[in-house]
Amino acid sequence: MPELDNRKQTILRALVFEYVLGAEPVGSELIVQKHDLGIRSATVRNELAEMSELGYLEQPHTSAGRIPSDRGYRYYVDRLVVEKEPDQATRLQVRQKTDEGEVLQDLLRDTTSLLSRLTKMLAAATIVKDHGIVIRNALVSAIGPQQALLVLVLSNGTVENRLIECPIGLTLDDIGRTNEMLAQLVAGKTLRTAIKLKNPPHGPSDGQNKLVATIWVAIRSTSKEKTRGTVVTEGEEFMVAQPEFQKDVRLLADVLDSIGDANTLYEALHGPSEQGKPITIGLENRPDALVPLSIIRQSFYVGENEAGVIAVIGPKRMPYDTSIPLVSFTARALSEALTKFLGAS
């Protein structure tokens, strides 16, 4: 990537600022009027033309101003952005939200909703796809004559509840023996192991055997489901409100379709980022429907183990200076809350 001199860097920073603010191509006159650069409009115009030749800017129409290209955004994010840490009020909101939940799904739903409102963009979170997640506890409780509740507590903070049909004649002793079996054969096992669970040894009653067979199916099914990864999104309405998408309804539909596909979004959030940085811009995103977007993401942890990713997603014309540090702060707050709740070191 060709290096820019100080003047070009200053002009690029000003252009990105104005384009993020107004969502319209930026001309030399506007830059001179609003930014004290100490140079004339003609000089700025020449610099804009040179940066366009270098691939940092694009000109949508011959008579229009310029907008940043993917290369221009990447240069800005890597070398020019001045990050603005969240203010005290914002940090307090994030801390309160991450401290409220104990079940990971609810915690992520509330946190992504807040992050979306704070950034006015789509927010997303994933629970990492990991066969090594451990079933910390497994318990079945009767909730009626023909129904029981299977509860699986996982090491990444997830609590899974499944309704189980009880066989006729099942007794409380059968449920007690079943819980002893779950403690011996399931608790402490990884999801990878749970997927391959063999049929358990027969118990002293037909009722218990039928209950355990049903539970084993539920555990294997849940384990397969959880290792596919989970995606939470909030704030699709902010995507609809972006000027660039309002001008192109088909583009908006393609973007929303891709974001709505959990597998596509999961892979996009967990894909590699340029130069090891947790930001992908434009053509760095896959599939092609995500090319109009930028994704800022950070992993969060339970102790030293990655539990998932928190992200904001929006047009390439996004306020990187505030969004990058806010996503980083939110990821740290999630990590601290989950580690504290789960007692991980």
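Colleague: Looking at this model, I keep getting lost on helix α3 (residues 41-53). Mind explaining?
Modeller: Residue pairs spaced three or four apart in an α-helix point in one direction, given the helix's 3.6 residues per turn. Taking 1.5 Å of rise per residue, the 13 residues of α3 would be expected to cover 18 Å, and the 19 Å separating its terminal C-alpha atoms lies within 8% of that figure. Of all the positions in α3, only Ser41, Thr43, Val44, Glu47, Leu48 and Met51 are classed as buried. Relative to the axis of α3, the buried residues are bounded by an arc of 155° and lie together on one face. Of the surrounding elements, those touching the buried residues of α3 are α1 (6-22), α2 (28-34) and β1 (57-58). Two residues or fewer after α3 comes glycine 55, characterised by a positive phi angle close to 95°.

Colleague: What is the right way to look at the packing of α1 against helix α4 (residues 70-80) in this model?
Modeller: Put simply, α1 and α4 touch, their axes get as near as 11 Å, and they point 110° apart. The pairing of α1 with α4 is recorded here as roughly perpendicular in orientation. In this structure, the crossing between α1 and α4 has a hand that is left-handed. Of α4, the residues touching α1 (which contributes Gln9, Leu12, Arg13, Val16 and Tyr19) are Gly72, Tyr73, Tyr75, Tyr76 and Leu80. Per-class residue counts for the contact of α1 with α4 are 7 nonpolar, 2 polar and 1 charged.

Colleague: I'm lost on the pattern of salt bridges in this one. Help?
Modeller: Side-chain pairs of opposite charge can arise where the charged atoms are in close proximity. What the rule picks out here adds up to 17 salt bridges. Among the charged side chains, a salt-bridge network with shared partners connects Asp5, Arg7, Lys8, Glu47 and Glu50.

Colleague: Explanation requested: helix α13 (residues 262-269) in the structure shown.
Modeller: Leu265, Tyr266, Ala268 and Leu269 are the residues of α13 that are buried. Each buried residue of α13 lies within a common arc of 165° when the element is viewed along its axis, so the set occupies one face. Among the structural elements, β3 (122-127), β7 (230-234), α12 (249-260), β9 (293-302) and β10 (305-315) are those in contact with the buried residues of α13. The backbone nitrogen of asparagine 263 lies 3.0 Å from a side-chain oxygen of the residue at the head of α13, namely aspartate 261.

Calculation notes
- Residues numbered from 1 in each chain as written.
- Predicted model: local features only at pLDDT ≥ 70, side-chain atom pairs only at ≥ 80, totals over all residues.
- Heavy atoms only, no water.
- Helix = DSSP H or I, 4+ residues; strand = E, 2+ residues; numbered from the N terminus.
- Expected span 1.5 Å × (residues − 1).
- Buried < 20%, exposed > 50% of the residue type's maximum accessible area, 1.4 Å probe, protein only.
- Arc of directions from axis to C-beta.
- Contact = heavy atoms within 4.5 Å.
- Axes fitted to C-alpha atoms, helices over the stretch in contact; angles between N-to-C directions.
- Parallel < 35°, antiparallel > 145°, perpendicular 65-115°, else oblique.
- Left-handed = near helix turned anticlockwise from the far one by under 90°.
- Nonpolar A, V, L, I, M, F, W, Y, C, P; charged D, E, K, R; others polar.
- Salt bridge = Lys/Arg side-chain N within 4 Å of Asp/Glu carboxyl O.
- Polar contact = N/O pair within 3.5 Å; in protein donor to acceptor, adjacent residues only side chain to side chain.

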